[in-house]
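Single-letter residue listing:
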Amino acid sequence: MKRTTALIAGGTLLLGAALAGVAIARGQGDQQTAAPAPRWSYPLPPARGTGYSSLDTAQPGGPWPVLPGRLRGPEQPIFYRHDIHAGQYRIPCLYCHNNAANSWTANIPTVSTCMGCHLVISAADTAGNPNPEIAKLRDFAARGEPIRWVRINKIAEHAHFPHMRHVNAGLACQLCHGNVQQMPRVFAAQNVNQMGWCTNCHMRRGITRDCTTCHF
Ligand code: HEC
Ligand code: HEC
Ligand code: HEC
Ligand code: HEC
Ligand code: HEC
């Protein structure tokens, strides 16, 4: 996977600008670092094992993390890699999943969010051809067609989960979703559709277990 340094430099600059934008939007513009990590970003020790790649030597602009022997989770319409975006390049989870902090349901980013970077970043090979998966992304954008990502985490229709309450209480995404920043392809690190899991945590932390807070 050879890429031209010029493109990487351009991409990294753009990324820096994008991340600074996020920092300002989150009210942290006074901190001078380009990408202040939100406190829930990387709280857990690195995960090892099937389905995870290692970030030990991954640096922005360097080689991509080596894929694990076996991928887990459903195949997606585009091979979009969290281990590159959220891991190697440390793009904050909320850059793409911003609704997780302000709404009941977390969102999947739109094609235009992707294209904010991929109009420029093409991870081209030495012959100048864009990475084939990025070419697919650009085709979706050209057609104005949304990407039909396969849903992974879902709870029963009769129960309701307010993402923003949990995220704003400081719970790490990884606590419920595992080390997504090390997943080349997302899989469910645990089954979130279990009432006992919800109510156990609520009991330990003294949060309401009134039936109607989750069932209504
Ligand atoms: C550059 C955008 C981007 C960033 C940054 C990003 N994600 Fe994602 N995420 C996606 C896209 C696109 C999907 C849908 C495709 C897939 O599952 O890989 C997704 C899917 C997911 C899913 C599965 C959704 C489902 O169907 O249940 C979880 C969980 C998730 N991301 C968590 C995270 C976490 C945690 C981080 C930070 C460590 C993060 N994401 C960073 C774009 C992003
Ligand atoms: C903030 C900037 C940014 C955003 C937003 C972004 N990317 Fe990327 N993307 C990158 C960078 C940086 C690389 C690595 C380029 C390199 O190493 O040459 C990359 C690489 C890729 C690649 C090739 C590696 C891989 O993951 O398979 C694909 C495909 C890709 N991005 C798809 C997407 C999709 C789909 C979205 C939207 C869900 C998205 N990107 C959003 C910056 C971004
Ligand atoms: C306390 C556990 C918990 C935490 C913390 C948490 N999530 Fe979730 N997440 C869930 C559950 C449960 C679902 C399924 C919700 C549903 O079906 O309504 C889910 C679903 C998702 C989805 C799929 C949404 C969709 O419509 O496809 C994404 C994306 C996601 N979470 C991202 C994140 C991100 C990013 C963070 C951190 C900012 C985060 N989550 C924090 C439990 C959690
Ligand atoms: C890891 C711990 C943890 C898990 C797992 C968890 N929660 Fe929570 N939940 C919390 C915390 C902490 C709060 C309180 C947030 C606050 O103070 O606003 C909360 C608050 C809530 C609230 C709002 C309660 C209110 O006072 O109005 C609902 C509803 C809820 N959770 C549903 C769920 C559901 C449904 C699940 C399982 C799919 C779940 N939670 C899993 C920790 C957890
Ligand atoms: C913190 C959130 C939460 C609270 C509080 C809660 N539930 Fe649930 N409940 C869920 C979730 C999520 C599911 C779906 C996952 C499952 O079936 O385990 C569920 C499933 C159920 C089911 C269906 C089980 C099945 O096998 O299909 C019943 C019945 C139920 N809850 C009754 C109750 C009753 C009665 C209370 C009050 C004593 C209650 N729940 C309190 C989150 C909650």
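Before going into details, it helps to say that this report is about the structure given with it.

Quick notes on the rules
Residues numbered from 1 in each chain as written. Chains lettered and ligands numbered in written order. Predicted model: local features only at pLDDT ≥ 70, side-chain atom pairs only at ≥ 80, totals over all residues. Heavy atoms only, no water. Near = heavy atom within 4 Å. Polar contact = N/O pair within 3.5 Å; in protein donor to acceptor, adjacent residues only side chain to side chain. Helix = DSSP H or I, 4+ residues; strand = E, 2+ residues; numbered from the N terminus. Nonpolar A, V, L, I, M, F, W, Y, C, P; charged D, E, K, R; others polar. 1 Å grid on protein atoms, 1.4 Å probe; cavity = no way out; pocket = protein on both sides within 12 Å on 5 of 7 lines; lining within 4 Å. Points joined across faces, edges and corners; volume = space filled by probe spheres on them. Donors = N, O, S within 2.8 Å, 3.2 Å for Na, K, Ca; no water. Tetrahedral: all angles 85-135°; square planar, octahedral: opposite > 155°, others 65-115°. Buried < 20%, exposed > 50% of the residue type's maximum accessible area, 1.4 Å probe, protein only. Phe/Tyr/Trp six-rings, centres within 6.5 Å; stacked < 30°, edge-to-face > 60°. Lys NZ or Arg CZ within 6 Å of the ring centre and 35° of its normal. Axes fitted to C-alpha atoms, helices over the stretch in contact; angles between N-to-C directions. Parallel < 35°, antiparallel > 145°, perpendicular 65-115°, else oblique. Left-handed = near helix turned anticlockwise from the far one by under 90°. Contact = heavy atoms within 4.5 Å. Arc of directions from axis to C-beta.

1. A few points about the site of ligand 5
Near ligand 5 you find 14 residues, and of these N193, M195, C211, C214 and H215 are the closest. M195 is positioned such that a nitrogen or oxygen atom in its backbone is 2.9 Å from an oxygen atom of ligand 5. At 2.8 Å, a side-chain N or O of H215 approaches a nitrogen atom of ligand 5. The set of elements that each furnish at least two residues to the shell around ligand 5 consists of α8 (195–205) and α9 (211–214). Per-class residue counts for the shell around ligand 5 are 6 nonpolar, 6 polar and 2 charged.

2. Overview of the layout of surface pockets
Roughly 920 Å³ of volume is contained in the second largest pocket. Residue assignment for the lining of the second largest pocket shows that the elements contributing at least two residues are α6 (163–168), α7 (173–177), α8 and α9. Take the lining of the second largest pocket: its biggest share by element is 9 residues, from α8. Taken together, the residues of the lining of the second largest pocket break down into 19 nonpolar, 12 polar and 5 charged.

3. Considering the coordination of the iron atom of ligand 2
Every protein donor of the iron atom of ligand 2 is listed here as H85 (NE2) and H118 (NE2), and their distances to the metal cover 1.9 to 2.0 Å. Taken together, the 6 donor atoms coordinating the iron atom of ligand 2 span angles of 86 to 180° at the metal, a pattern that classifies the geometry as octahedral. Taken as a pair, H85 in helix α2 (residues 82–88) and H118 in helix α4 (residues 111–118) lie far apart in primary sequence, 33 residues in all. A residue is classified by how much of its surface remains accessible, and H118, at 12% relative accessible area, is buried.

4. Focus: the packing of aromatic side chains
Tallied over the full model, the rule gives 3 aromatic pairs. Note on Y52 and F187: the rings are 5.3 Å apart at their centroids and 70° apart in plane angle, and the pair reads as edge-to-face. Of the two residues, Y52 is situated in the loop between α1 (5–25) and α2 and F187 in the loop between α7 and α8; the sequence distance between them amounts to 135 residues. Pair check on accessibility: Y52 and F187 agree, each one buried. Geometrically, the ring pair formed by W104 and F216 is edge-to-face, given 5.9 Å between the ring centres and 80° between the ring planes. Placement of W104 in the loop between α3 (93–96) and α4 and of F216 in the segment after α9 is noted, with a sequence separation of 112 residues between them. Positioned above the aromatic ring of F140, the side-chain terminus of R143 is 5.0 Å from the ring centre.

5. Digging into the packing of α4 against helix α5 (residues 132–143)
Here α4 crosses α5 at 125°, and the two axes come no closer than 10 Å. What the angle tells us is that α4 and α5 run oblique. Crossing geometry of α4 relative to α5 is assigned as left-handed. Contacts between α4 and α5 involve V111, C114, M115 and H118 from the first element and I134, L137, R138 and A141 from the second. Here the residues of the contact of α4 with α5 are counted per class, giving 6 nonpolar, 1 polar and 1 charged.

6. Brief notes about α4
Because an α-helix packs 3.6 residues into every turn, residues spaced three or four apart end up facing the same way. What α4 keeps buried is the set V111, M115, C117 and H118. The arc that holds every buried residue of α4, seen down its axis, measures 160°, which confines them to one face.

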